[in-house]
Amino acid sequence: MLTWREQERIRIKYHDDQYARKELLWTQRSFVQPQMMIEERYFYDPDAGKYTVDRYVDDLEKRYGGIDSVLIWPVYPNIGIDNATRTIC
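In every chain, residue numbers begin from 1 and rise along the written sequence. Only residues with pLDDT of at least 70 get local features here, since the model is predicted, and only at 80 or more are side-chain atom pairs given and counted; chain-wide, interface and lining totals rely on the full set of residues. For the side-chain quantities, the full set of heavy atoms in the structure was used; hydrogens and water were omitted.

1. A few points about the pattern of salt bridges
Stage number 1. Salt bridges are defined as contacts in which a side-chain nitrogen from Lys or Arg sits within 4 Å of a carboxyl oxygen from Asp or Glu. Per the counting criterion, the structure on display carries 3 salt bridges.
Stage number 2. When the shortest N-O distance is used, the salt bridge between Glu23 and Arg21 registers 2.6 Å.
Stage number 3. Using a relative accessible area of 48% as the deciding quantity, one classes Glu23 as partly exposed.
Stage number 4. Each residue is assigned to one of three classes by its accessible area relative to the maximum for its type, calculated with a 1.4 Å probe on protein chains only: buried under 20%, partly exposed between the two thresholds, exposed over 50%. For Arg21, a relative accessible area of 35% gives the class partly exposed.
Stage number 5. Across the salt bridge formed by Arg63 and Asp59, the nearest N and O atoms sit 2.6 Å from each other. Of this pair, Arg63 and Asp59 both sit in helix α2 (residues 53-64), 4 residues apart, which is roughly one turn of the helix. The numbering of helices and of strands both runs from the N terminus, where a helix is a DSSP run of H or I of at least 4 residues and a strand a run of E of at least 2.

2. Quick word on unusual backbone geometry
Stage number 1. Of note, Lys13 is a non-glycine position whose phi angle comes to about 55 degrees, a positive value.
Stage number 2. Look at Lys13 and you get exposed, because its relative accessible area is 67%.

3. Brief notes about a nonpolar patch on the surface
Stage number 1. Among the surface-exposed residues, Ile12, Tyr14 and Tyr19 lie close enough to one another that they form a single nonpolar patch of about 340 Å² accessible area.
Stage number 2. Relative to the assigned elements, Ile12 resides in the loop between α1 (2-11) and β1 (35-37). Nonpolar side chains (Val, Leu, Ile, Met, Phe, Trp, Tyr) are joined into patches within 5 Å and like charges within 9 Å, using only residues with over 30% relative accessible area and no salt bridge. Surface accessibility in these figures is a Shrake-Rupley result with a 1.4 Å probe; residues are shielded only by whichever protein chains are displayed.

4. A short note on the packing of aromatic side chains
Aromatic rings in a pair are described by how distant their centres are and how their planes are angled relative to each other.
Stage number 1. Ring geometry is summarised as follows: Phe, Tyr and Trp rings, the Trp one being its six-membered ring, pair when their centres sit within 6.5 Å, and such pairs are stacked at plane angles under 30 degrees, edge-to-face over 60 and tilted between the two. All chains considered together, the criterion is met by 3 aromatic pairs.
Stage number 2. Between Phe43 and Tyr56, the ring centres sit 5.7 Å apart and the planes meet at 80 degrees, which makes this aromatic pair edge-to-face. Here Phe43, found in the loop between β1 and β2 (44-45), pairs with Tyr56, found in helix α2; they are 13 residues apart in sequence, far enough to count as distant. Take Phe43 and Tyr56: they sit in the same class, and that class is buried.
Stage number 3. Ring pairs connect the aromatic residues Phe43, Tyr44, Tyr51 and Tyr56, which therefore count as one cluster.

Any link to function would need more than the numbers given here.
As structure tokens, then:
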């Protein structure tokens, strides 16, 4: 397996330069990363019209014991599948 792996790296001219970029090294230590929609109720209070980041992070601390990063998904999860954009084929 190690031989095959090395041969494939040579064949595709693989370089790991991108993984060594200083500004991206944090990703190698980011293991717990919840993914959320921008409308997450712990993250945004629609009644108050404001973001409640502390409330969101406090909830994650209680549930997971802490996190390393958060992926914020800013758009509807099924783009092109809702009634507004439905296409009849």
